[in-house]
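Notes for the structure review
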Amino acid sequence: MTDAPLTFGLFSKGRLKEQAEEWLGDCGLDLEAGGGERGYLAEIKALPDVRVLLLSAGDIAAGLDTGELHLGVSGEDLLRERGEAVEAHVMLLRALGFGRADLVVATPASWIDVETMADLEEVAAAFVARTGRRMRVATKYLVQTRAFFASHGVVDYRIVESSGATEGAPAAGQAELIVDITTTGATLKANGLKVLKDGLILRSQAQLCASLIARWTPKQLASARRLMSIVEARARARRTALVSWPAEQDKAALAATEAFLARGATRRAQGLLAEADSLFEVTAALAQASVGPVSVVRPDFAFEPRSAAGDRLAARLGERR
Amino acid sequence: MRLEPPVPADVLAAIRAPFAALAAPFTDAPVMLPLGLMLDLAGETMRGRLFLVQGDGEDACLRPDFTIPIARVHIDRGAGDGRYLYEGKAFRVAPRGSGRAEEFLQIGLEAYGGGRGPEADAEVAGLAWRAAAAGGRDDLSMILGDISLFSAFIDAIGLAPALAARLKRAFVRPGALAGELTRAQAAEPPVRQGDRLAELLAGLPEAEATAVLQDLWSIAGIQPVGGRSAAEIAHRLVQRGEAARAPRLDPAQARLIRDFIDLSGPPRAVLDRIAELASSGRLELDAELAAWTARLDAIVANGAPEGRLVFQANFGRAFSYYDGFLFEVRSAALDDEAPVAGGGRYDLLPAHLGGAARGAVGCAVRPCRAWADAGTPS
């Protein structure tokens, strides 16, 4: 039992799968088909103690929520849909910058009298008073719709669960309005719908998540820390540059760059790891102090001894015991 | 599903006795209801409390109470009037961690066509009290409220229609009214996209306003989909424009409403206080207050001791069909969220179900909560 590998859920198909593989590959963590039964298993060579399971997006969210997975990449929209308790079950470790989608409330564009949720509340009340029926909202996102509508005091509605193309429901007469995800809004527009001004429920993107429900052995936690420190080191490397100067000018160079330490730069031997956006300020300060020659390289990875997300995870798991 | 401990037969018989003494038949009603109907009538907030059942056709749910099942039986019979007793189990998902029973016994009465007078209200309230008290608890009290009294109070102030309607809707939503009062007092609302259009449309006959709106859609390349007609949207734009120009709620009016909803205590004292508020605000409420005095007399005459009655002016419930008088019988030993009995007037429900009736009132008792020796059942 103590040797069981860490389980890591990743998307099994589609654009999200490609993007997740790209992200891992960029971190030097290439995914290799593990051959396992019907190709649902994969391996990361650099992390032998991690077992990758290729799953549908919904199954990853469920696996994190129920503790069948230790780690997973999941859209925040699907995670939130697991219910309010998900906050206590799943921890978001890192936003990954892909799989972006907004969960929004959209009404027919022809409702020019409805711009806000407050308008919707009035119109919904008038609808039930007139027809005795409640306005129907087509959505796959029941939990978030209910919470969002309640927070805006909208009560005179009912949800019609949609399984396919939600945005077509109003035109098909199955619902009056919808709650759905959108990236560019083009599909909504093509279906004669518009997003309410204050109708943004969630700005979702893919997140690296950890389950707080799963059983974690010390070894599995160590594997997770290792994965996270690699991911963080790669992300840090992408926004930093390594500035180096001749050893004999170390003293003058340190004095000249002192101010940048407060702005996130860190010391390196005969050099400084600086935030990329302040790079030329650093080089200018060095030139001012007559330090040179100065060379700059962009690192592949920039490791810190501790992983911030790893520490947060360990702390949350510690509270649990 | 969490069950209740069984109530001993003699206790149950005592609780049932006040109902059984009525000249009304015990009526059976389906355990399952169409989910869509339930959500249409009670709203989406109810969904979390319903046990869903997957059939091979339309989705169904287990009855959360008897009001709708009995109303359907009544309407199917096509009768305008009718009185129905029931005794059976109802099913509700308990809030997480509450430990409450999810499958529980209810005994009750639904009465259609008994008119809208205070006597019909008092009959169900008195009945619920006597049945609840028969369970042996000596710590019961009855909370009284009236959604239509608040509406009458608001109407008497003479606010702009849209504002009055908003306040009435907020009244039945826990915690919503305070925010709505603040909002109603706020400075001028911002000018919005449709406002100039609304001004234009307001000057036109409705048919023309509708035509203008349709032209506008076609110019903007908007394909109208589903739900609401051009006439309806034009109508609301005009209304919205009027509401934006209407005077805000002034501080004296807000004070009056806050004072009203803060009232709670012995019913006659509260009614006196409402009469004072009405006269200070020069509001015409005499008919409503006279009806309440008669209702109180009748409730007491029907067996509920006056010393156990509490009138709470802000008492309204979100997940119910009540639209007028309503009450709950509570035990000091139990959570306020776990009433021993409850009921009220729901005149509009039969019409929404496709029937017609001269008034509808009902009440239900939870025998296991009424049973004094149950410990603290939930």
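Calculation criteria
Residues numbered from 1 in each chain as written. Chains lettered and ligands numbered in written order. Predicted model: local features only at pLDDT ≥ 70, side-chain atom pairs only at ≥ 80, totals over all residues. Pairing = 2+ DSSP bridges. Helix = DSSP H or I, 4+ residues; strand = E, 2+ residues; numbered from the N terminus. Contact = placed C-beta atoms within 7 Å. Axes fitted to C-alpha atoms, helices over the stretch in contact; angles between N-to-C directions. Buried ≥ 20, exposed ≤ 12 C-beta atoms within 10 Å, placed from the backbone. Expected span 1.5 Å × (residues − 1). Parallel < 35°, antiparallel > 145°, perpendicular 65-115°, else oblique. Nonpolar A, V, L, I, M, F, W, Y, C, P; charged D, E, K, R; others polar.

1. A closer look at the sheet that holds strand E3 (residues 60-62) of chain B
Residue and element names in this part refer to chain B.
- If you walk across this open sheet you meet the 3 strands as E1-E3-E2, and the pairing is antiparallel. Each end of this open sheet is capped by a strand with a single partner; those strands are strand E1 (32-34) and strand E2 (52-53).
- Of the strand pairs in this sheet, E1 and E3 are connected by 3 bridges, and their pairing is antiparallel. Opposite Leu33, over in E3, you have Cys61 as the bridge partner.
- Taken strand by strand, helix H2 (residues 35-42) contacts E1, E2 and E3, and its axis lies near 70 degrees from that of E1.

2. Points about the sheet that holds strand E2 (residues 31-33) of chain A
Residues and elements named next belong to chain A.
- Within the open sheet, the 7 strands sit side by side as E2-E3-E4-E1-E5-E12-E6. Their pairing is mixed. Each edge of the open sheet is held by one strand with a lone partner, namely E2 and strand E6 (90-95). Between one strand axis and the next, the sheet turns by 35 degrees as a mean value, whatever way the strands run.
- Across 2 bridges, strand E1 (residues 6-11) lies against strand E5 (residues 71-75) in parallel orientation. Note on E5: the bridge partner recorded for Gly9 is Gly72.
- Together, E6 and strand E12 (206-211) form the strand contacts of helix H11 (residues 308-320), whose direction differs from that of E6 by roughly 175 degrees.

3. Observations concerning the environment of Ala253 of chain A
Residues and elements named next belong to chain A.
- Mapping Ala253 onto the fold places it in helix H9 (residues 250-261).
- Taking the C-alpha atoms as reference, Ala253 lies 9.3 Å from Ala287; in sequence the two are 34 residues apart.
- Those residues in contact with Ala253 that sit more than four places away from it in its chain are Trp245, Leu286, Ala289 and Val291.

4. A short note on the environment of Ala364 of chain B
Residues and elements named next belong to chain B.
- Within the element layout of this structure, Ala364 appears in strand E11 (residues 360-365).
- For the pair Ala364 and Tyr321, spaced 43 residues apart in the sequence, the C-alpha separation amounts to 14 Å.
- In this structure Ala364 touches Asp65, Phe66, Gln106, Gly108, Ala341, Gly342 and Gly343, once residues within four positions along its chain are discounted.

5. A few points about the pairing of strand E7 (residues 101-108) of chain A
All names here are of chain A.
- With 6 of its 8 residues buried, E7 lies for the most part within the structure.
- Looking at chain direction, E7 and strand E11 (residues 193-204) are connected through 7 bridges and run antiparallel. Paired with Leu103 across the bridge in E11 is Leu202.
- Pairing of E7 with strand E10 (residues 177-182), which is carried by 5 bridges, proceeds in the antiparallel orientation. Each residue of the ladder has a partner; that of Val105, found in E10, is Val179.

6. Brief notes about helix H5 (residues 117-131) of chain A
- Over its 15 residues, H5 of chain A extends 21 Å from the first C-alpha to the last, a length consistent with the 21 Å expected when each residue adds 1.5 Å.
- What H5 of chain A keeps buried is the set Asp119, Leu120, Glu121, Glu122, Val123, Ala124, Ala125 and Phe127 of chain A.
- Packed against the buried residues of H5 of chain A are E7, strand E8 (135-139), strand E9 (157-161) and E11 of chain A together with helix H6 (161-171) and helix H10 (230-245) of chain B.
- Gly132 of chain A occupies a position one or two residues after H5 of chain A and carries a positive phi of about 80 degrees.

7. Things to note about the packing of helix H8 (residues 218-238) of chain A against H11 of chain A
Residues and elements named next belong to chain A.
- Packing of H8 against H11 leaves a shortest axis separation of 8 Å and a crossing angle of 150 degrees. Compared by their axis directions, H8 and H11 come out roughly antiparallel. Residue-level contacts link Leu221, Ala224, Arg225, Met228, Ser229 and Glu232 of H8 to Ala309, Gly310, Leu313, Ala314 and Leu317 of H11.
- Taken together, the residues of the contact of H8 with H11 sort by class into 7 nonpolar, 2 polar and 2 charged.

8. Some words on the interface of chain B and chain A
- Taken together, the 25 residues of chain B in the interface contact 25 residues of chain A.
- Where the side of chain B that touches chain A is concerned, the elements lending two or more residues are H2 and H10 of chain B.
- Per-element accounting of the side of chain B that touches chain A gives the leading share, 4 residues, to H10 of chain B.
- Within the side of chain B that touches chain A, the residues separate by chemical class into 9 nonpolar, 8 polar and 8 charged.

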